[in-house]
Amino acid sequence: MTTSTFTAASGRNEFLQLLVTQLQNQDPLEPVGQTEFLQQLAQFSTLEGIERLNASFADLLRVHELSEGLELVGRRVRFTSGEGEFVQEGRVEEATVQNGRVLLRIGDQEIAFENVRSVLADPV
């Protein structure tokens, strides 16, 4: 089973190929109007812009999560292991990014940032 990813760029290339084929094979007595093609091309341009914006937001979110993870270094947190809802507690020793995910090292465990449930105040 193969999976393909549709992007605006690939869609635009397919659209342009289809447009050229359609123009080559159109009925000369009833030519296709340019307005429809221009509208579709504008839609692809909009889609490309949205894809770029989404990628920028995803990058911004990773940077934000990493900065929040860095703020937790040295702090005590309550967290779940991700395998269940058993809550544990420990001090965050390191924050890293692996495969686009922020991971926190707590003792000998690597915990996903999203598994942190609370940040605890240090005893005075």
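Residues numbered from 1 in each chain as written. Predicted model: local features only at pLDDT ≥ 70, side-chain atom pairs only at ≥ 80, totals over all residues. Heavy atoms only, no water.

### Brief notes about the pairing of strand β3 (residues 101-106)
Pairing between strand β2 (residues 87-98) and β3: 6 bridges, direction antiparallel. Across the sheet, the residue bridging to Val-97 is Val-102, located in β3. Taking the residues that link successive antiparallel strands as the turn, the β2-β3 hairpin has 2 residues, and the phi of Asn-99 there is positive, at about 55°. The pairing of β3 with strand β4 (residues 109-112) spans 4 bridges and is antiparallel. Of the residues in β4, the one forming a bridge with Arg-105 is Glu-110. (Pairing = 2+ DSSP bridges. Helix = DSSP H or I, 4+ residues; strand = E, 2+ residues; numbered from the N terminus.)

### Here's the deal with the sheet that holds strand β1 (residues 76-80)
Paired through their backbone hydrogen bonds, the strands of a sheet run either parallel or antiparallel. With respect to topology, 5 strands assemble into an open sheet ordered β4-β3-β2-β1-β5, the strand pairing being antiparallel. For this open sheet the edge positions go to β4 and β5 (116-120), each flanked by a neighbour on one side alone. Ignoring which end each strand starts from, the neighbouring axes of this sheet average 50° apart. Taken together, the 5 bridges between β1 and β2 define a ladder with antiparallel strand orientation. From the neighbouring strand, Phe-79 faces β2, where its bridge partner is Gln-88. The strands touched by helix α2 (residues 34-72) within the sheet are β1, β2, β3 and β5, with β3 carrying the most contacts at an inclination of about 10°. (Axes fitted to C-alpha atoms, helices over the stretch in contact; angles between N-to-C directions. Contact = heavy atoms within 4.5 Å.)

### What about the pattern of salt bridges?
Taken as a whole and judged by the stated rule, the model has 6 salt bridges. Its salt-bridge partner being Glu-114, residue Arg-101 comes within 2.9 Å of it at the nearest N-O pair. With Arg-101 in strand β3 and Glu-114 in the loop between β4 and β5, the pair connects residues that are 13 residues apart, well separated along the chain. For Glu-114, a relative accessible area of 46% puts it in the partly exposed group. Overlapping salt bridges, with partners in common, bring together Arg-76, Arg-78 and Glu-89 in one network. (Salt bridge = Lys/Arg side-chain N within 4 Å of Asp/Glu carboxyl O. Buried < 20%, exposed > 50% of the residue type's maximum accessible area, 1.4 Å probe, protein only.)

### Things to note about the nonpolar core
Leu-72, Val-77, Phe-79, Val-92, Ala-95, Val-102, Leu-104, Ile-106, Ile-111, Phe-113 and Val-116 together form the largest nonpolar core, which totals 11 residues. Elements supplying a minimum of two residues to this core: β1, β2 and β3. Per-element tally for this core: the top contributor is β3, with 3 residues. (Core = buried A, V, L, I, M, F, W, Y, C linked by side-chain atoms within 4.5 Å.)

### Examining α2
Here α2 spans 57 Å end to end across 39 residues, near enough to the 57 Å set by a 1.5 Å rise per residue. Taken residue by residue, α2 has Phe-37, Phe-44, Glu-48, Gly-69 and Leu-72 as its buried positions. Following α2 by one or two positions, Gly-74 has its phi on the positive side, about 90°. (Expected span 1.5 Å × (residues − 1).)

### Some words on the confidence of the model for the protein
Looking at the protein as a whole, its pLDDT mean stands at 82, while 88% of the residues score no less than 70. Confidence, expressed as mean pLDDT per element, reaches its minimum in the protein at helix α1 (residues 8-24) with 75 and its maximum at β1 with 93. (pLDDT = per-residue confidence, 0-100.)

### Topic: the side chain of Thr-80
Looking at the element boundaries, Thr-80 is found in strand β1. What makes Thr-80 buried here is its relative accessible area of 1%. Ignoring sequence-local partners within four residues, the contact set of Thr-80 consists of Glu-85, Phe-86, Val-87, Ile-111, Asn-115 and Arg-117.

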